[in-house]
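Observations on chain architecture
Listed below, chain by chain, are the residues.
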Amino acid sequence: MRIHSAVVVSFVLLAACNTNTKLSVQSPSGKIVANFELTGNGQPAYGVLYNQKPVINPSTLGFEFKGLPPISDNIRVDSFKTRSFSEKWEMPWGDQRWVDNTYNELKVYLSERKAPNRRFALIFRVFDDGVGFRYEFPAQPNLDSVTIIAENTKFSLTGNHTCWWQPGDWDIYEHLYHTTPLSKIDAVNSQSKNPLAQTYIPENAVNTPVTMKTSDGVYLCFHEADVNNYAGATLRVDTVNLSLETALVGNDSGIKVKTQTPFTTPWRTVIITDKPGHIVTSKLILNLNEPNKIGDISWFQPMKYVGIWWEMHLGKSSWDMASGKHGATTANAKRYIDFAAKNNIKGLLVEGWNTGWERWIGFDDREGIFDFVTPYPDYNLKEVVRYAKAKGVNLIMHHETSAAPRTYEQQLDSAFRLMHSLGIHSVKTGYVGKIIPKGEYHQGQWMINHYRKVVEAAAKYQIAVNAHEPFKGTGEWRTYPNVIARENFRGQEFNAWSIDGGNPPEHLTILPFTAQLAGPMDYTPGIFNIKLKPYKPDNQVNSTLAYQLALYVVIYSPIQMAADLPENYEGHPAFQFIRDVGVDWEQSLVLDAEIGNYIAIAREERNTGRWFVGAITDENAREININLNFLKPDIKYKATLYLDGPDAHWDKNPTSYRIETREVDRNSTISLSLAPGGGAAISLFPL
Ligand code: NOJ
Ligand code: CA
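Residues numbered from 1 in each chain as written. Chains lettered and ligands numbered in written order. Predicted model: local features only at pLDDT ≥ 70, side-chain atom pairs only at ≥ 80, totals over all residues. Heavy atoms only, no water.

Side note on the coordination of the calcium ion (ligand 2)
Bound to the calcium ion (ligand 2) are the protein donor atoms Glu174 (OE), Glu174 (OE), Glu469 (OE), Glu487 (OE), Glu487 (OE) and Glu493 (OE), situated 2.3 to 3.1 Å from the metal. Each donor residue of the calcium ion (ligand 2) lies on one chain, and together they are spaced E-x294-E-x17-E-x5-E. One end of the pair, Glu469, is in the loop between β27 (464–468) and α8 (476–479); the other, Glu493, is in helix α9 (residues 493–497), with 24 residues separating them in the sequence. We note that Glu469, like Glu493, is buried. (Donors = N, O, S within 2.8 Å, 3.2 Å for Na, K, Ca; no water. Helix = DSSP H or I, 4+ residues; strand = E, 2+ residues; numbered from the N terminus. Buried < 20%, exposed > 50% of the residue type's maximum accessible area, 1.4 Å probe, protein only.)

What follows is the structure, encoded as structure tokens:
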């Protein structure tokens, strides 16, 4: 273990009135410094410096409880300690293999100077890519069961930064991101329309991850890590004083968190960097979570998958049987399995396989809409599993709970037992609609505990979970590597049916710097039939075909869907990229990026030495030069380039593409002309 010294630059304790105690701790390289102090009236506060300049001005900390006095001022520092830590840990699957976790820590023990003399501690961890801090409340006679009604953690900013934000919705993250100065954030009036989900945006707050750029070119990303038996946080925006404050998601009884000492809060996190690419590759959130708790995960293998899925979103078939065009039939599943087996695709998702879809949204769970074990009569589950296995394809189970978690919890054992008995190792869950019981929200403590219960139960049955309409990721995939992906953003499905025209080309030039910080994303890329003919004359995917290919590299997930219908891939030369592209990576490099404009990423596949490059742009055409100096020396590579055609355009000519091959090495550069809403995908195979 490498040891770095945690530098405490000042510590002043006045015997009579210890209210101007100042402590500070710096990151291993010294670039980032976190300061702790008590304000004049004894309220704990902190600030952060980056390259000697403030990025967070002194910001106060505190709590409000139901039936108890708040914790705010009149606090004293009892003691403090510092610690340095460094380790390298291996990701069982991931966007890179080895993760460096090196930080300096300051722990400040605090207590109230007056009754009830409650004690708590603040822990700061300072890394070279940012800061995390959390509160710790030990067991104590004057603080046992508590109901938190507000966590008053402030982030006082140093200017009117450019923000990439989405509203602080208590239910659903399926919003487009907005790009505005902090002073112009208007979350309540910013809703986008999602016909499948309800949304609740109670105040001018943003969801995390939220990313900002200062006028000095410093990037700040606010999020949280290790959320466990607590509420999710949004950040209330003060557009006048240019600050943020933690605004916990609650329920309709006004409760934010019900807990008991001893407890710790989630980490409040800020990634700080002057390179946008470092946001994408930061491992700060993961490092602030505990190591793997579930042990061997070799039963889950990263994979590409197809699904009886897009055809429902297009209206070609349906989830339910009553419509007369049921998608999940034995014959259709076999058609997809044949296609997957032929094309190096290891997974098949089947939605609409279980009875109940005739009336699935908004019904009370006690009526047992879904039982997760009874297939529709035209779907022979056992036979489909047998057929898939014989062809080397794994089924992915689907559990749409329709936001009725109590029923799901009652069914968990039977549902997972069935999966286990069939050798099915992954499930896509869904929580469409308002939470039943009414008054709870997707991102409140009650639901967060539900999502965790599902993950823990799944681990016992060797099942990996891809949650849609989830609670955002906060790095628990380190602790529970059976959390493989989620949908905490507006996915591809919006392009099939959204009444606002779907996701603009710029959407995916923002997600890597925002939503992706919450962990692997089940975006479901790869639509080739961009205009959705003949099914959806009024909708389309807003990108070129090459952009769709690039997404397999730009987005990180250990499961990547080849989302389009098999008939749109059959015989298509560009499908070769989807066949080839990796899903498990040795390392990932952001080659070039500007948030909201473009991004180019290179990733090295584990165990093969193959590299893949993906680049996308927003609605503007762009030239990008890719320097291949990341390739191994003394090796030649065969590069296959999937490029926008010269006349390609996301709307006017989205399927215009060309494929080129060349021999390259680490001295080569490749210049790419990205069309408006376009992209490029490159595979690099050692020769
Ligand atoms: C919403 C999910 O995001 C989508 O992927 C799924 O098909 C539907 N719910 C039905 O469960
Ligand atoms: Ca969804």
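Some remarks on the nonpolar core
One finds Phe36, Phe222, Ile272 and Phe416 to be the most contacted residues of the largest nonpolar core, which totals 198 residues. For this core, the leading source of residues is helix α11 (residues 545–554), giving 8 residues. Structurally, this core is a two-domain feature, drawing no fewer than three residues from each of domain 1 (3–287) and domain 2 (527–687). Among residues more than four places away in sequence, those in contact with Phe222 are Ile56, Phe155, Leu157, Thr208, Pro209, Val210, Met212, Leu235, Leu244, Thr269 and Val270. In this structure, Ala600, Ala639, Leu672 and Leu684 belong to the second largest nonpolar core, which totals 22 residues. (Core = buried A, V, L, I, M, F, W, Y, C linked by side-chain atoms within 4.5 Å. Domains from an automatic or database assignment. Contact = heavy atoms within 4.5 Å.)

Focus: the domain arrangement of the protein chain
Domains assigned within the protein chain are domain 1 (3–287) and domain 2 (527–687). Relative placement of domain 1 and domain 2: their C-alpha centres are 37 Å apart. With 15 residues of domain 1 at the contact, the number on the domain 2 side is 15 residues. A combined buried area of about 1,200 Å² lies between domain 1 and domain 2, and 58% of that area is made up of carbon and sulfur atoms. At the boundary of domain 1 and domain 2, one finds 1 salt bridge. Salt-bridge contacts for Arg97 lead to Glu586; the nearest nitrogen and oxygen are separated by 2.9 Å. Our count for the domain 1 to domain 2 interface comes out at 8 residue pairs in polar contact (both at pLDDT 80 or more). (Buried area = accessible area lost by both parts, 1.4 Å probe. Salt bridge = Lys/Arg side-chain N within 4 Å of Asp/Glu carboxyl O. Polar contact = N/O pair within 3.5 Å; in protein donor to acceptor, adjacent residues only side chain to side chain.)

As for the site of ligand 1
Residues in contact with ligand 1 amount to 13 residues; listed here are only the nearest, Glu351, Glu400, Lys428, His468 and Glu493. Between ligand 1 and the protein, one listed contact pairs an oxygen atom with a side-chain N or O atom of Trp309 at 3.0 Å. In the environment of ligand 1, an oxygen atom lies 3.1 Å from a nitrogen or oxygen atom belonging to the side chain of Glu469. In the complex, the protein chains occlude 99% of the 300 Å² of accessible area that ligand 1 would expose alone. For the shell around ligand 1, the class distribution of residues is 4 nonpolar, 3 polar and 6 charged. (Near = heavy atom within 4 Å. Areas by Shrake-Rupley, 256 points an atom, 1.4 Å probe, with all protein chains shown as cover. Nonpolar A, V, L, I, M, F, W, Y, C, P; charged D, E, K, R; others polar.)

Thoughts on the pattern of salt bridges
Within this structure, the stated rule accounts for 37 salt bridges. For Glu105, the salt bridge is made with Arg125, and the minimal N-O distance between the two is 2.8 Å. Placement of the pair is Glu105 in strand β8 (residues 98–112) and Arg125 in strand β9 (residues 119–127), with a sequence separation of 20 residues. Residue class for Glu105 comes out buried when judged on its relative accessible area of 9%.

Details of the packing of aromatic side chains
By the definition in use, this model includes 40 aromatic pairs. A centroid spacing of 6.0 Å and a plane angle of 10° characterise the contact between Phe63 and Phe65, whose relative ring orientation is stacked. For the pair shown, Phe63 and Phe65 are each scored as buried. Across from the ring centre of Trp89, 4.1 Å away, lies the NZ or CZ of Arg478, which sits over that ring. Note that Arg610 overlies the ring of Phe685, its terminal NZ or CZ placed 3.8 Å from the centroid. (Phe/Tyr/Trp six-rings, centres within 6.5 Å; stacked < 30°, edge-to-face > 60°. Lys NZ or Arg CZ within 6 Å of the ring centre and 35° of its normal.)

Quick notes on the sheet that holds strand β30 (residues 585–594)
Pairing in this open sheet of 6 strands is antiparallel, and the strands run β30-β31-β32-β37-β34-β35 from one edge to the other. Bordering the open sheet on either side are β30 and β35 (657–664), each of which pairs with just one other strand. Ignoring strand direction, the axes of neighbouring strands in this sheet form an average angle of 15°. Where strand β34 (residues 637–644) and strand β37 (residues 679–686) come together, 7 bridges link them in antiparallel fashion. Pairing of Leu641 across the sheet is with Ile682, part of β37. The sheet strands contacting α11 are β30, β31 (598–605), β32 (611–617), β34, β35 and β37, and the helix crosses β32 at an angle near 125°. (Pairing = 2+ DSSP bridges. Axes fitted to C-alpha atoms, helices over the stretch in contact; angles between N-to-C directions.)

Some points on the pairing of β30
Pairing of β30 with β31, which is carried by 8 bridges, proceeds in the antiparallel orientation. Bridged to Ala593 within β31 is Ile599. What sits between the antiparallel neighbours β30 and β31 is a turn of 3 residues, in which Gly596 has the positive phi angle 85°.

Structural notes on the sheet that holds strand β20 (residues 257–260)
Strand pairs in the sheet, formed through backbone hydrogen bonds, run parallel or antiparallel to each other. With antiparallel pairing, the 4 strands of this open sheet are ordered in space as β6-β5-β11-β20. The sheet terminates laterally at β6 (68–71) and β20, the two strands that pair on one side only. On average, adjacent strands in this sheet sit at an angle of 35° to one another, irrespective of strand direction. In this structure, strand β5 (residues 63–65) lies alongside β6, joined through 2 bridges in antiparallel fashion. What sits directly across from Phe65, in β6, is Leu68.

Section: the environment of Val280
When you line up the elements, Val280 lands in helix α1 (residues 276–281). In the structure, Val280 is positioned 234 residues away from Thr514 in sequence and 8.6 Å away in space, judged by C-alpha atoms.

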